[in-house]
4 protein chains.
Amino acid sequence: MTASIASSSYGKACVHLVKVERGPERDQFKDVTVEVRLAGAFEAVYRDGDNSGLLSTDAMTNAVYALGRRRSLDPPEGFAEALARDLMEACPSARRAHVSLAVRTWEPLAAGGVSYPRAFARAGAELRTACATVEEGRVVVEAGLEGAPLVRTAGSSFRGFLRGRYGTLQETDDRLLATDVFARWRYGRTPLDPCVSFGAVRTALLQTFASHPSESLQHTLYAMGEAAFAACADVEAIRLALPNLHHLLVDLAPFGLDNPNQVFVPSREPRGVVEAELTRS
Amino acid sequence: MTASIASSSYGKACVHLVKVERGPERDQFKDVTVEVRLAGAFEAVYRDGDNSGLLSTDAMTNAVYALGRRRSLDPPEGFAEALARDLMEACPSARRAHVSLAVRTWEPLAAGGVSYPRAFARAGAELRTACATVEEGRVVVEAGLEGAPLVRTAGSSFRGFLRGRYGTLQETDDRLLATDVFARWRYGRTPLDPCVSFGAVRTALLQTFASHPSESLQHTLYAMGEAAFAACADVEAIRLALPNLHHLLVDLAPFGLDNPNQVFVPSREPRGVVEAELTRS
Amino acid sequence: MTASIASSSYGKACVHLVKVERGPERDQFKDVTVEVRLAGAFEAVYRDGDNSGLLSTDAMTNAVYALGRRRSLDPPEGFAEALARDLMEACPSARRAHVSLAVRTWEPLAAGGVSYPRAFARAGAELRTACATVEEGRVVVEAGLEGAPLVRTAGSSFRGFLRGRYGTLQETDDRLLATDVFARWRYGRTPLDPCVSFGAVRTALLQTFASHPSESLQHTLYAMGEAAFAACADVEAIRLALPNLHHLLVDLAPFGLDNPNQVFVPSREPRGVVEAELTRS
Amino acid sequence: MTASIASSSYGKACVHLVKVERGPERDQFKDVTVEVRLAGAFEAVYRDGDNSGLLSTDAMTNAVYALGRRRSLDPPEGFAEALARDLMEACPSARRAHVSLAVRTWEPLAAGGVSYPRAFARAGAELRTACATVEEGRVVVEAGLEGAPLVRTAGSSFRGFLRGRYGTLQETDDRLLATDVFARWRYGRTPLDPCVSFGAVRTALLQTFASHPSESLQHTLYAMGEAAFAACADVEAIRLALPNLHHLLVDLAPFGLDNPNQVFVPSREPRGVVEAELTRS
């Protein structure tokens, strides 16, 4: 044996579950993808092929479905924690269970001023995420959002930066700023109402993106983090990743046209990346 | 020469254009992808490598950008027609120009009860499409939508079908019906206000999907087409493609649980396909 | 009833099937995705919700699996035809059955000079396609390939084209030419050995792409079609679609460097499109 | 200020570079995507919007292109290290530069027994990766591969596992084992010839996957890691992630057919996940 296991985990990803919560007046349509991971004393599995302590991953999939029947998918943080505890119980060799949910939102289909109680449309690409990690009886809960493309058409500058030998970018007082928000925050204690906390943090993040006098994407990222801390006292840390999705102003001069910050080509490659983890001081 | 050219076209795809229409109170953010195609007397290009009648495709790309500066992107049908006419003029060998637009919708970013006038969020995955085909001086205009995931939780049955030797599906009075609408309709004459016509047809399609007593996806597709014809007198034909995105009821009996039409697993593969072109009788 | 059904079809897409053909010395690993469509006298299904003549699509899926057990997946053209005939038999209302296969290639895993008889690696992204359409007792067979990214670093020019008002592209004797071949050809009569015919046409297409003195992508497309006709007497028509995947020469002059046709940035958007259907004269 | 920056980085992703290395007899076609990240003393950027120490990311993009002109892309580990050192020099506030390359392989186009010296085809989906992290004058080099779909049709069992309350999986002596290898290993010292070391580790990983008597994917992962350590003395740690891409045996009994481990349906969702980091004992 020349190899030590520095860390390992196993589990099931992309467990996709849809639940229709049927009501007398209207239904609700819930759509969630679950990932579960166990870590612990599994050395014999890796080294010796001894599976006696290894919970099969099909049991994890079925645990998701069964829990989906037995309890509400709301709040997703609660579902994640309950599932993590189920898995710890089912697998004595596990020392840690990590469950993460990605929730897609469907809204009652509305068209022509009518809202239908049993038909639904996807509300957008944004995912609400919720994670629970259970270890030694304690739980750490995280929440987040991702897949939220946002744009600002004013109030964003980028000046006074370092160019080095290869920089050719011009300074600008008014650039088009586009990103796709990834945010995940950790609660110091599980919030009383996770949906209220999620909503408060989400609002803080979006409002700050929309209105912050931005000197750079880093500058705005930091302000978003501060706003999240201010919006919810239970948030103790937040990770934010904000790609800089460049939009290039088209040069129309060859065609005798000006272009006063109006016509842009979105550039798919390359893109800027800005990521940080902030903690409450 | 052993090969005859039965048909051919060339052009540029994925010309992505963003336009900020700046206003004193608020901006508008327009986001469109354009595809252009020319067809005509290009045999010498193919057979002899003689490019003298061939408009370069970079000229098409630039024509999109320049037209984007000179006129509004609204309505997209009008932009498509204007661009098609520009291309015909630029390329005498062309007999037909086809332009199609796919419009992504961005809405003013709203969070916490505040709507921001110069920040925007993607409104969902749905695309509005608009096409113009110019040939011998005449134009044919089409409009459509795609990328609209919809679900019904009641009012959909599937009974009395043929099973053949291999069918194992059970009849059902109440299946979960999920699709992703593709629709494209042709106007007999260009509508006075393409945005009004688009809205009327879209509403008719969605309302019918939401409320039609469905015996099959084919049955509902036909009703959607009839509703489109009723909603807009200028529509003379419509193509609809409705994939059947199956959701499998999970068998929870092995775990001592029932499952009264509540917990489903969406199946990504395979999927049903139903497509038809309907014309006004 | 205001709607006439101008055309329609229904069926099942993305029926994914893997077959292990086990041998004493080595196995073979076959991987194919099947799409099936029926068209015919289904008006009552669409208009009246009468499903009595409608073969359920789950029966189509199962027919694929069962046929996969009963016969070889080679040649795919033969599998497609057999499946189309099975479906016609199962559904008397059908007037036409269309089956298309996309075959992924896996090769015995080879590493360090050893080839393993029961381990396999994907051979590349290229798909071999095969279609059969059965109508009124007759069959039309098509074959093709797609997903084949190819590049030429020499022997491709683009000169003497029309610029119009918006063209800014420079003429070039030596451009980097990149595409992703889509080809589908129709046999006048079903070839005796479809794998031999496929190989002959594929070789002709690739050799021509690699060596044709190219004046344009159209010019090379036509030469590829002629080569296909020359390579296989049974080919009566061929459709080719060759996107022009632009590579932009990077301007390194701001950094005091030349760039003698060496360093390029692939541009994902926009791309040129060239498509044609050629028939044997 | 309520937020502390626990960690942060920024840079540029998806810098796509193609280089034609032209030779008298034949060309070489190199295709690489680069990501660069800087971390360091950037608090003023985040907190105060002071960009004076911030190297613009367009300078990073241009540094990639310029280095691509000045030196060979081979070995990618050397390119990554040289680029990381360039970036450290250009940005005094940076404490760490991390560069990662993903290399796509193109081979001379071969068809009909002919190999063309100036035409190329993608060799498969597999990526070779190379990373260099420069910090306090020292460099850590990693190499890896990803995007390698592999299958075994024999020699893989899964028995004796724990089922818990929800497990329904049957034990098997002979399951179809499919994965998509992600591997990344760290060198204790930069190897003399990184391409030789890469080849040795890659061969060890693939040979072990192909031939290991597998009791589980974990068991095979561990054996792959041991083989990597044995193959290259410079490897001090390796991370492996092996998704379990399930293939379900189709039940053909309803159609009067057996299915002796021949016909499978690949299941896209859910999938098993197994990940570990191994270090040399």
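Above this note sits the structure.
Residues numbered from 1 in each chain as written. Chains lettered and ligands numbered in written order. Predicted model: local features only at pLDDT ≥ 70, side-chain atom pairs only at ≥ 80, totals over all residues. Heavy atoms only, no water.

S.K.: Honestly, the pairing of strand S1 (residues 3–21) of chain A in this entry has me stumped. Any pointers?
M.R.: Taken residue by residue, a regular strand's side chains alternate between the two faces of the sheet. Most of S1(A) sits inside the fold, with 15 of its 19 residues counted as buried. Bridge count for S1(A) against strand S10 (residues 271–280) of chain D is 10 bridges, and the pairing is antiparallel. When the bridges of S10(D) are listed, A:Tyr10 appears paired with D:Val274. Strand direction decides the pairing type here: S1(A) and strand S2 (residues 28–40) of chain A, joined by 10 bridges, are antiparallel. From the neighbouring strand, A:Tyr10 faces S2(A), where its bridge partner is A:Leu38. The antiparallel pairing of S1(A) with S2(A) creates a hairpin that spans 6 residues between the two strands. (Buried < 20%, exposed > 50% of the residue type's maximum accessible area, 1.4 Å probe, protein only. Helix = DSSP H or I, 4+ residues; strand = E, 2+ residues; numbered from the N terminus. Pairing = 2+ DSSP bridges.)

S.K.: I would appreciate a short explanation of the interface of chain D and chain A in the present structure.
M.R.: One widely used convention gives an interface's size as the accessible area the parts lose upon coming together. Facing 72 residues of chain D, the contacting portion of chain A comprises 72 residues. Linking chain D with chain A are 2 salt bridges. One salt bridge in this structure joins A:Glu275 and D:Arg37, with 3.1 Å as the shortest N-O distance. Summed over the shared surface of chain D and chain A, the number is 44 residue pairs in polar contact (both at pLDDT 80 or more). Contributing elements (two or more residues each) for the side of chain D that touches chain A: strand S1 (3–21), helix H1 (43–48), helix H2 (57–70), helix H5 (217–231) and S10 of chain D. Per-element accounting of the side of chain D that touches chain A gives the leading share, 14 residues, to S1(D). (Contact = heavy atoms within 4.5 Å. Salt bridge = Lys/Arg side-chain N within 4 Å of Asp/Glu carboxyl O. Polar contact = N/O pair within 3.5 Å; in protein donor to acceptor, adjacent residues only side chain to side chain.)

S.K.: When you look at helix H2 (residues 57–70) of chain C in this model, what are you seeing that I'm missing?
M.R.: An α-helical segment advances 3.6 residues per turn. Residues three or four places apart therefore align on the same side. Between its terminal C-alpha atoms H2(C) stretches 20 Å, which fits the 20 Å expected from 14 residues at 1.5 Å a residue. Taken across its 14 residues, H2(C) has 13 buried, putting it largely inside the fold. (Expected span 1.5 Å × (residues − 1).)

S.K.: Which parts of the structure should I look at to understand the packing of H2(D) against helix H3 (residues 76–90) of chain D?
M.R.: All names here are of chain D. Relative orientation of the contacting elements H2 and H3 amounts to 130°, with a least axis distance of 10 Å. Put simply, H2 runs oblique to H3. When you trace H2 past H3, the crossing you get is right-handed. Residues Met60, Ala63, Val64, Leu67, Gly68 and Arg70 of H2 lie in contact with H3, whose contacting residues are Phe79, Ala82, Leu83, Asp86 and Leu87. (Axes fitted to C-alpha atoms, helices over the stretch in contact; angles between N-to-C directions. Parallel < 35°, antiparallel > 145°, perpendicular 65-115°, else oblique. Left-handed = near helix turned anticlockwise from the far one by under 90°.)

S.K.: It is not clear to me how the interface of chain B and chain A should be interpreted in this structure. Could you clarify?
M.R.: On the chain A side, the residues contacting the 54 residues of chain B number 54 residues. For chain B, the biggest contributors to the area lost against chain A are B:Arg69, B:Thr153 and B:Gln262; these three give 15% of the whole. There are 2 salt bridges connecting chain B and chain A. As a salt-bridge pair, B:Asp258 and A:Arg69 come within 2.7 Å of each other at their nearest N and O atoms. Summed over the shared surface of chain B and chain A, the number is 22 residue pairs in polar contact (both at pLDDT 80 or more). Broken down by secondary-structure element, the contributors of at least two residues to the side of chain B that touches chain A are strand S1 (3–21), helix H2 (57–70), strand S3 (94–111), strand S4 (114–135), strand S5 (138–152), helix H4 (194–211) and strand S9 (263–266) of chain B. It is S4(B) that contributes the most residues to the side of chain B that touches chain A, 9 residues altogether. Per-class residue counts for the side of chain B that touches chain A are 32 nonpolar, 13 polar and 9 charged. Looking at chain direction, S1(A) and S9(B) are connected through 2 bridges and run antiparallel. Paired with A:Lys19 across the strands is B:Val263, a residue of S9(B). (Buried area = accessible area lost by both parts, 1.4 Å probe. Nonpolar A, V, L, I, M, F, W, Y, C, P; charged D, E, K, R; others polar.)

S.K.: Which parts of the structure should I look at to understand the relation of the copies chain D and chain A?
M.R.: The second copy of the chain is related to the first by a rotation about an axis and a shift along the axis. If you rotate chain D by 180° and push it 0.0 Å along the axis, it lands on chain A with an RMSD of 0.0 Å. Look at the turn and shift together and you get a two-fold axis relating the two. Within chain D, the C-alpha atom positioned nearest to the axis of rotation is that of D:Ser7, 11 Å from it. (Least-squares fit on C-alpha atoms with pLDDT ≥ 70 in both.)

S.K.: What exactly am I supposed to notice about the packing of aromatic side chains here?
M.R.: Each aromatic ring pair is specified by the distance between its two centres and by the angle formed by the two planes. Enumeration according to the criterion identifies 24 aromatic pairs over all chains in this entry. A centroid spacing of 5.4 Å and a plane angle of 85° characterise the contact between B:Tyr10 and B:Phe42, whose relative ring orientation is edge-to-face. Taken together, the residues span a long stretch of sequence, with B:Tyr10 in strand S1 and B:Phe42 in the loop between strand S2 (28–40) and helix H1 (43–48) at a distance of 32 residues. Exposure class is identical for B:Tyr10 and B:Phe42. Each is buried. Pairing D:Phe29 with D:Trp106 gives two aromatic rings, centres 5.1 Å apart and planes at 75°, and the pair type is edge-to-face. Here the residue D:Phe29 occupies a position in strand S2 (residues 28–40), and D:Trp106 occupies one in strand S3 (residues 94–111), the gap between them amounting to 77 residues. The same class applies to D:Phe29 as to D:Trp106, namely buried. Every member of this aromatic cluster is reached through a ring pair, and the members are A:Phe29, A:Trp106 and A:Phe120. (Phe/Tyr/Trp six-rings, centres within 6.5 Å; stacked < 30°, edge-to-face > 60°.)

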